[in-house]
Amino acid sequence: YDPIETLETVISWDEKQIKLITIYINPKTKARDMEKQFDKLLKENEHNEYVLIGGDINCHNQLWENESRNDRKGGIIAEKILDSDFQVLNDGSATYNNLAKSYQSAIDITLSTPRITASAHWYVDENLTSDHMAIITEIQPEKPNSALPLIKKHTNKKKNNPDSIEHRHLFYRN
């Protein structure tokens, strides 16, 4: 059995090759079983300038969810993301509706390389939904000879709360 299911494709867009990767982590997958595979997925793809990863990861962390009740798998995934060049595009919005228990959470995540993050607009379309809401990521073409935003991460784990993470600063490159 594979702890993380992935499907990859490459599309040509605006004279670039963008790698799209969808992921699924079964809610029953144990943290120790998926940790190495998730790390490998990020490391194999972080040197490509144009990569977008998205999917249902079935875990929680405040790095991508406003109303988070951080869990072990979410902590592992957040740590791997922060150790990589990938950026979380999620804005904290819920991506999942549990109608039976009347609550929402964000168990779906979208990651990108800094070059895509600079031109991406991420949002949830609540009109297109089942139990998982439709996640839309719009990418604008880069303008030649323009200043490109370069996303840098700054992490600060507070001593009293190891799950507390501050994570984004935006710098511009001329």
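Now for a quick tour of the structure. (Residues numbered from 1 in each chain as written. Predicted model: local features only at pLDDT ≥ 70, side-chain atom pairs only at ≥ 80, totals over all residues. Heavy atoms only, no water.)

**What about helix 1 (residues 31-45)?**
Which entries qualify depends on this criterion: The helix and strand labels rest on DSSP assignments: H or I over at least four residues marks a helix, E over at least two residues marks a strand, and numbering proceeds from the N terminus. What a helix should span is 1.5 Å times the count of its residues minus one. Partly exposed describes any residue whose relative accessible area lies between the buried limit of under 20% and the exposed limit of over 50%, with all areas from a 1.4 Å probe on protein chains only and scaled to the type maximum. In this description, the arc belongs to the directions extending from the helix axis to the C-beta atoms. Note on contacts: a residue pair qualifies if any of its non-hydrogen atoms lie within 4.5 Å across the two residues.
Relative to the 21 Å expected for 15 residues at 1.5 Å per residue, helix 1 spans 21 Å between its end C-alpha atoms, a close match to the ideal helical length. For helix 1, the set of buried residues is Ala31, Met34, Phe38, Asp39, Leu41, Leu42 and Asn45. Down the axis of helix 1, the buried set is contained in an arc of 160°. They therefore lie on one face. Residues Arg32, Lys36, Lys40, Lys43 and Glu44 are exposed on helix 1 and point more than 90 degrees away from its buried face. On its buried side, helix 1 packs onto strand 1 (5-13), strand 2 (16-24), strand 3 (51-56), helix 2 (72-82) and strand 7 (108-112).

**Examining helix 2**
With eight of its eleven residues buried, helix 2 lies for the most part within the structure. Burial in helix 2 covers these residues: Lys73, Gly74, Ile76, Ile77, Ala78, Lys80, Ile81 and Leu82. Here the buried face of helix 2 lies against helix 1, strand 4 (87-88) and strand 7.

**Section: the environment of lysine 36**
Considering the arrangement of structural elements, one finds lysine 36 in helix 1. For the pair formed by lysine 36 and proline 3, sequence separation is 33 residues and the distance between their alpha carbons is 9.7 Å.

**Some words on the pattern of salt bridges**
Counted only if it meets this: Basic side-chain nitrogens of Lys or Arg form a salt bridge, by our definition, when they fall within 4 Å of a carboxyl oxygen of Asp or Glu.
For the structure shown, the criterion picks out five salt bridges. In this structure, glutamate 8 engages lysine 19 in a salt bridge whose closest nitrogen and oxygen atoms are separated by 3.3 Å. Pair noted here: glutamate 8 is in strand 1 and lysine 19 is in strand 2, with a separation of eleven residues, a long-range link. Close ionic contact of arginine 115 with glutamate 49 constitutes a salt bridge, the shortest N to O distance being 3.0 Å. Taken together, the residues span a long stretch of sequence, with arginine 115 in helix 3 (residues 114-117) and glutamate 49 in the loop between helix 1 and strand 3 at a distance of 66 residues.

**Remarks on the nonpolar core**
Let me state the cut-off plainly: The nonpolar core is taken to be a set of buried Ala, Val, Leu, Ile, Met, Phe, Trp, Tyr and Cys residues, with the residues joined through side-chain atoms within 4.5 Å.
Core analysis: the biggest nonpolar cluster contains 25 residues, and Ile53, Trp64, Ile77, Ile81 and Leu111 have the highest contact counts within it. In contact with isoleucine 53, not counting residues within four places along its chain, are Ile21, Ile23, Leu41, Leu42, Phe86, Ile109, Thr110 and Leu111. If you look at the next biggest cluster of nonpolar residues, it comprises nine residues, including Leu52, Ala94, Ile116 and Trp122.

**Focus: the packing of helix 1 against helix 2**
Using the following cut-off: Here an angle of 0 to 180 degrees is reported between the N-to-C directions of two axes, which are lines fitted to C-alpha atoms, with helices fitted over the stretch in contact. Working rule for angles: under 35 degrees goes down as roughly parallel, over 145 as roughly antiparallel, 65 to 115 as roughly perpendicular, anything else as oblique. Throughout, a crossing is termed right-handed when the near helix is turned clockwise from the far one, and left-handed when it is turned anticlockwise from it by less than a right angle. Gly counts as polar in this scheme, as do all residues outside two lists: the nonpolar Ala, Val, Leu, Ile, Met, Phe, Trp, Tyr, Cys and Pro, and the charged Asp, Glu, Lys and Arg.
At a minimum axis distance of 10 Å, the contact between helix 1 and helix 2 shows a crossing angle of 20°. When the interaxial angle is binned, helix 1 and helix 2 end up roughly parallel. Helix-helix and strand crossings are classified by hand; for helix 1 and helix 2 the assignment is right-handed. Residues Ala31, Met34, Glu35, Phe38, Asp39 and Leu42 of helix 1 pack against Arg72, Lys73, Ile76, Ile77, Lys80 and Ile81 of helix 2. Taken together, the residues of the contact of helix 1 with helix 2 break down into seven nonpolar, no polar and five charged.

**A look at the sheet that holds strand 2**
In plain terms, the rule: Should DSSP find at least two bridges between two strands, the strands are taken to pair.
Taken in spatial order, the five strands of this open sheet run 1-2-3-7-4, and their pairing is mixed. The sheet terminates laterally at strand 1 and strand 4, the two strands that pair on one side only. On top of the sheet, helix 1 reaches strand 1, strand 2, strand 3 and strand 7; it is set at about 175° to strand 2, its chief contact.

**Quick notes on the side chain of lysine 80**
For lysine 80, the location among the structural elements is in helix 2. Those residues in contact with lysine 80 that sit more than four places away from it in its chain are Glu35, Phe38, Asp39 and Leu42.

The values reported here are purely geometric and, on their own, carry no functional implication.
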